[in-house]
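# An overview of the molecular structure
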Amino acid sequence: MRNLLKNFRFGINSTIGKNIISLYLLQISYYVLPLITVPYLVRVLGPEKFGLVAFGQSLITFFVLFVNYGFDLTATREISVKRKSNKDVSGISCSVWIAKVLLGIIGLSVLLLLIQFVPKMNQNSLLLLILFGIAVGNMLFPNWLFLGLERMKAISVINMSMRAVTTAGVFILIRNPDDYLIYAGLLSFQWVFAGILGIVFA
């Protein structure tokens, strides 16, 4: 029993143990916080406005996938192999960020074309442009860098902090259906600010 506890404490205090705990806490926050906010948002915004924001989020998810372009796999692997060389890690990081910025510009151009030619999107152009901040945040946040360096604690702390701020903002700022754009702004703020913090920490 004593050896079991000793091994458990060793595992928890190891780098792998800390990384596992950090990612588990982050995943828990992904499921727990929506359980708190969604019932409130559906009641205050109403099904129509809440559904509209959800539609916008779903559309922007395609741009998020486009901007990420698999870098969470490829860049993570490269950084993991070369993480002992600051020069190599810096070179890879700059290349990835440049590529993601270019993809972000292409994605924004496509969104503007959709807004121009698709009536339904044109009617909700402001909402979609605000929500595009989610793609911008994913473009900025160096998830691949932290994974490659095995610094998962940074990912968890930054994202959980931003989610907590957004959750508080929902209850403070969202009061009626007309506040659906504020809700969209909070979602984008969460990702953009997390991206900025991620760059600063990196």
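Below you will find a few notes about this structure. Remember, predicted model here, so these are calculated numbers, not experimental data.

### Brief notes about the nonpolar core
Formed by 27 residues in total, the largest nonpolar core has its most connected members in Ile60, Leu111, Ile174 and Tyr183. Ranked by residues supplied to this core, first place goes to helix 2 (residues 15–68) with 11 residues. For tyrosine 183, the residues in contact, after removing those within four places along its chain, are Leu41, Leu45, Phe50, Val53, Gln57, Val170 and Ile174. Listed in part, the nine residues of the second largest apolar core include Phe71, Ile79, Val96 and Leu103.

### A look at a nonpolar patch on the surface
A grouping of Ile21, Leu25, Ile28, Val32, Leu35 and Ile36 is seen on the molecular surface, where their side chains present a nonpolar patch of about 530 Å² in accessible area. Positionally, valine 32 belongs in helix 2. Valine 32 sits in the partly exposed class, given a relative accessible area of 39%.

### What to know about the pattern of salt bridges
A side chain of one charge can pair with a side chain of the opposite charge if their charged atoms are brought near each other. A full pass over the atoms with the stated rule returns two salt bridges. For glutamate 150, the salt bridge identified is with arginine 83, shortest N-O distance 3.3 Å. Taken together, the residues span a long stretch of sequence, with glutamate 150 in the loop between helix 8 (143–148) and helix 9 (152–173) and arginine 83 in the loop between helix 3 (71–82) and helix 4 (86–117) at a distance of 67 residues. Taking relative accessible area as the criterion, glutamate 150 reaches 31% and is therefore assigned partly exposed. Here arginine 83 falls in the partly exposed class, since its relative accessible area comes to 34%.

### So, unusual backbone geometry
Backbone geometry at tyrosine 69 places phi at a positive 50°, although glycine is not the residue there. Its place among the elements puts tyrosine 69 in the loop between helix 2 and helix 3. Positive phi outside glycine occurs at glutamate 150, with the angle close to 60°.

### Re the side chain of threonine 76
Structurally, the position occupied by threonine 76 is in helix 3. Among the polar contacts made by the side chain of threonine 76, one reaches the main-chain carbonyl oxygen of tryptophan 144 at a distance of 3.3 Å. Setting aside residues no more than four positions away along its own chain, threonine 76 makes contact with Phe71, Trp144, Leu147 and Gly148.

### Concerning the packing of aromatic side chains
The full count for this structure, using the stated rule, is eight aromatic pairs. Plain terms: the ring middles of tyrosine 69 and phenylalanine 71 are 5.9 Å apart, the flat faces sit at 50° to each other, and that makes the pair tilted. By relative accessible area, which is 58% here, tyrosine 69 ends up exposed. Classification of phenylalanine 71 by relative accessible area gives buried; the value is 11%. Site record: aromatic cluster; members linked through ring pairs are Phe141, Phe146 and Phe201.

### A few points about the packing of helix 3 against helix 4
Where helix 3 contacts helix 4, the two axes come as close as 9 Å, and the packing angle between them is 165°. Between helix 3 and helix 4, the interaxial angle falls into the category roughly antiparallel. Note on packing geometry: the crossing formed by helix 3 with helix 4 is right-handed. Two secondary-structure elements touch here, helix 3 through Phe71, Ala75, Glu78, Ile79 and Lys82 and helix 4 through Asp88, Val89, Ile92, Ser93, Val96, Ala99, Lys100 and Leu103. When grouped by side-chain class, the residues that make up the contact of helix 3 with helix 4 number eight nonpolar, one polar and four charged.

Basis of the calculations
Residues numbered from 1 in each chain as written. Predicted model: local features only at pLDDT ≥ 70, side-chain atom pairs only at ≥ 80, totals over all residues. Heavy atoms only, no water. Core = buried A, V, L, I, M, F, W, Y, C linked by side-chain atoms within 4.5 Å. Buried < 20%, exposed > 50% of the residue type's maximum accessible area, 1.4 Å probe, protein only. Helix = DSSP H or I, 4+ residues; strand = E, 2+ residues; numbered from the N terminus. Contact = heavy atoms within 4.5 Å. Patch = residues over 30% accessible without salt bridge, like charges linked within 9 Å, V, L, I, M, F, W, Y side chains within 5 Å. Areas by Shrake-Rupley, 256 points an atom, 1.4 Å probe, with all protein chains shown as cover. Salt bridge = Lys/Arg side-chain N within 4 Å of Asp/Glu carboxyl O. Polar contact = N/O pair within 3.5 Å; in protein donor to acceptor, adjacent residues only side chain to side chain. Phe/Tyr/Trp six-rings, centres within 6.5 Å; stacked < 30°, edge-to-face > 60°. Axes fitted to C-alpha atoms, helices over the stretch in contact; angles between N-to-C directions. Parallel < 35°, antiparallel > 145°, perpendicular 65-115°, else oblique. Left-handed = near helix turned anticlockwise from the far one by under 90°. Nonpolar A, V, L, I, M, F, W, Y, C, P; charged D, E, K, R; others polar.

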